[in-house]
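# Structural description and commentary
So the chains spell out like this:
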Amino acid sequence: MSSQTPSSGPVPASSGGERHKPRVAVVFGGRSSEHAISVVTAGAVLRAIDREKYDVLPIGITADGRWALTADEPERMAIAGSELPSVERLAESGEGSVVLPVDPGNREVVYSEPGSVPKALGDVDVVFPMLHGPYGEDGTLQGLLELSGVPYVGAGVLASAVGMDKEYMKRVFVSFGLPVGPYEVIRPREWQQEPSAARRRIVEFAAEHGWPLFVKPARAGSSIGITKVEDPADLDEAVEEARRHDPKVIVEALLRGREIECGVLEYEDGPRASLPAEIPPVSSHSFYDFEAKYIDAAAGIVPAPLTEEQTRRVQELAVAAFEAASCEGLVRADFFLLDSGEFVINEINTMPGFTPISMYPRMWQESGVSYPELVDRLLQAALRRSTGLR
């Protein structure tokens with residue numbers, strides 16, 4: 001890892017001269033517990049971006065929040081066995097930082113290191129924020145980009161925040177008449193000041209809806225921090241595990257049925273739904289957890305074996321969820337098909353995984369949209385939009 005100001009090798013030509021290709025800043029990593037998955041996702045996207053059509057500037061955010069210039073080397077961004085990648089290993093320097101100007105009239109990115117003259121890296125036309133979880137997918141980065149006047153892929157501030165917070169996501173869906181499952185929320189102050197009352201409320205919830213329960217961080221993804229609780233004796237440990245990732249906890253009832261996912265993509269004439277997928281039960285895991293998704297590479301079934309009527313219904317619900325939360329660009333909507341035949345929406349993900357085994361690109365591949373075309377459509381949709389109120 002060099003301590004020198006990086007050469008222009010991995011960086012497209014900066015200031016001066018005329019540029020014809022839009023420059024895409026692919027921003028990844030971040031401060032959430034999903035840091036490694038963000039790096040993996042970004043690596044797949046970097047491999048797919050058409051370099052004849054776009055200039056690319058990879059920018060990683062370290063786990064402590066430093067924006068780092070990284071090499072454009074997607075092969076170093078994959079999971080190697082059980083070893084997860086990180087921005088720290090990819091950064092061109094251990095001290096240098098990248099700065100986006102908070103000025104709508106200036107899109108020039110600057111790189112600086114202690115004791116060195118700052119280096120202009122040129123303008124950025126669009127940002128592809130491949131960040132999962134808090135400090136990236138939750139509206140915080142989107143707010144920064146709005147202030148900077150830089151277009152970006154995906155949902156805006158409100159939709160990103162709603163899509164990240166499972167409680168308010170469900171509240172929005174209910175207000176739009178979309179079906180959701182039973183849930184209970186334990187707020188930080190409740191568990192800190194009156195844990196016995198909070199515990200009693202969860203037990204009463206279980207008495208009504210049955211065991212097991214799922215205890216989750218309210219604002220996290222990739223199945224991180226989730227515990228399937230079979231017995232009240234394990235409740236405290238499950239809540240504490242969820243609180244390691246988020247002080248607000250959501251408790252959900254077990255919904256007996258099939259797990260169905262559906263992708264939504266923004267076209268010029270509005271959002272469209274992909275063919276749905278099914279996540280079959282994984283015998284080696286009690287539920288579709290982090291290891292099943294990313295380490296063991298559990299495979300979903302695409303397209304899902306549904307009737308035409310069921311496929312049409314889940315596609316309608318996926319688009320309705322996209323619209324209800326005011327989403328843009330893309331969404332993966334996750335459902336349960338209950339034994340009764342009813343679809344219940346579990347959650348949406350406004351920046352779903354783009355790893356080679358991720359369901360969102362697989363669903364669109366089966367729907368006739370290749371991986372490179374999917375990435376291109378997202379970038380073109382972002383370039384069509386302005387920042388600010390729209």
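Model, not experiment: these values are computed from the prediction.

## Re the nonpolar core
If you look at the biggest cluster of nonpolar residues, it comprises 35 residues, and the most contacted ones within it are V26, F28, F128, M130 and F354. Mapped onto this core, the elements with two or more residues apiece are β1 (23–29), α1 (35–48), α2 (87–90), β7 (126–130), β12 (257–267), α11 (359–366) and α12 (371–384). Built from parts of two domains, this core gets at least three residues from each of domain 1 (21–151) and domain 2 (162–178 + 255–382). Excluding anything up to four places from it in sequence, F128 contacts V24, A25, V26, V27, V45, V153, V375, L378 and L379. L178, A324, F335 and L337 belong to the second largest nonpolar core, which has 27 residues in total.

## As for the sheet that holds strand β9 (residues 213–217)
Strand order in this open sheet of four strands is β8-β11-β9-β10, and the pairing throughout is antiparallel. The sheet is open, and its two borders are formed by β8 (183–186) and β10 (227–229), each paired with just one other strand. Sheet twist, expressed as the average angle between the axes of neighbouring strands with direction ignored, equals 25 degrees. For β9 and β10, the ladder comprises three bridges, and the chain directions are antiparallel. Looking at β10, one finds that V215 is bridged to T227. Across the sheet, helix α7 (residues 195–209) touches β8, β9 and β11 (249–253), and the angle it forms with β8 is around 175 degrees. Of the strands in this sheet, β9, β10 and β11 are in contact with helix α8 (residues 235–243), which crosses β9 at around 30 degrees.

## Some remarks on the packing of α7 against α8
Contact pair α7 / α8: the axes reach a minimum separation of 11 Å and the direction vectors enclose 110 degrees. Considering their axes alone, α7 and α8 lie roughly perpendicular with respect to each other. Of the residues in α8, those in contact with R199, I202 and V203 of α7 are L235, D236 and V239.

## Quick look at unusual backbone geometry
For the bond from W211 to P212, the omega torsion is 0 degrees, close enough to zero to count as cis. In this structure, P212 sits in the loop between α7 and β9. Between V302 and the following residue, P303, the backbone shows a cis peptide bond with an omega angle of -5 degrees. Looking at where P303 falls in the secondary structure, it is placed in the loop between α9 (290–295) and α10 (308–324). We note that Y135 has phi near 65 degrees; this positive angle belongs to a residue other than glycine. Positionally, Y135 belongs in the loop between β7 and α3 (140–148).

Reading the values: rules and limits
Within each chain, residues carry numbers counting from 1 in the order of the written sequence. For a predicted model such as this one, the threshold for reporting local features is a pLDDT of at least 70, and the threshold for listing and counting side-chain atom pairs is 80 or more; totals across whole chains, interfaces and linings nevertheless cover every residue. Calculation of side-chain values draws on the structure's entire complement of heavy atoms; hydrogens and water are dropped beforehand. Only buried residues count toward a nonpolar core, which is a set of Ala, Val, Leu, Ile, Met, Phe, Trp, Tyr and Cys residues joined through side-chain atoms within 4.5 Å. Relative accessibility decides the category of a residue: with a 1.4 Å probe and only protein chains considered, values under 20% of the type maximum give buried, values over 50% give exposed, and everything between is partly exposed. For helices the rule is a DSSP run of H or I covering at least 4 residues; for strands it is a run of E covering at least 2, with both sets numbered from the N terminus onward. In this entry, domain limits derive from an automatic or database-based domain assignment. Whether two residues touch is decided by their heavy atoms; if any such pair falls within 4.5 Å, the residues are in contact. Only strands that DSSP links by at least two bridges are regarded as paired with each other. Whenever a helix is involved, its axis is fitted only over the stretch in contact; in every case the axis is a line through C-alpha atoms, and angles between N-to-C directions fall within 0 to 180 degrees. Note on angle classes: values under 35 degrees are labelled roughly parallel, values over 145 roughly antiparallel, values of 65 to 115 roughly perpendicular, and the remainder oblique.

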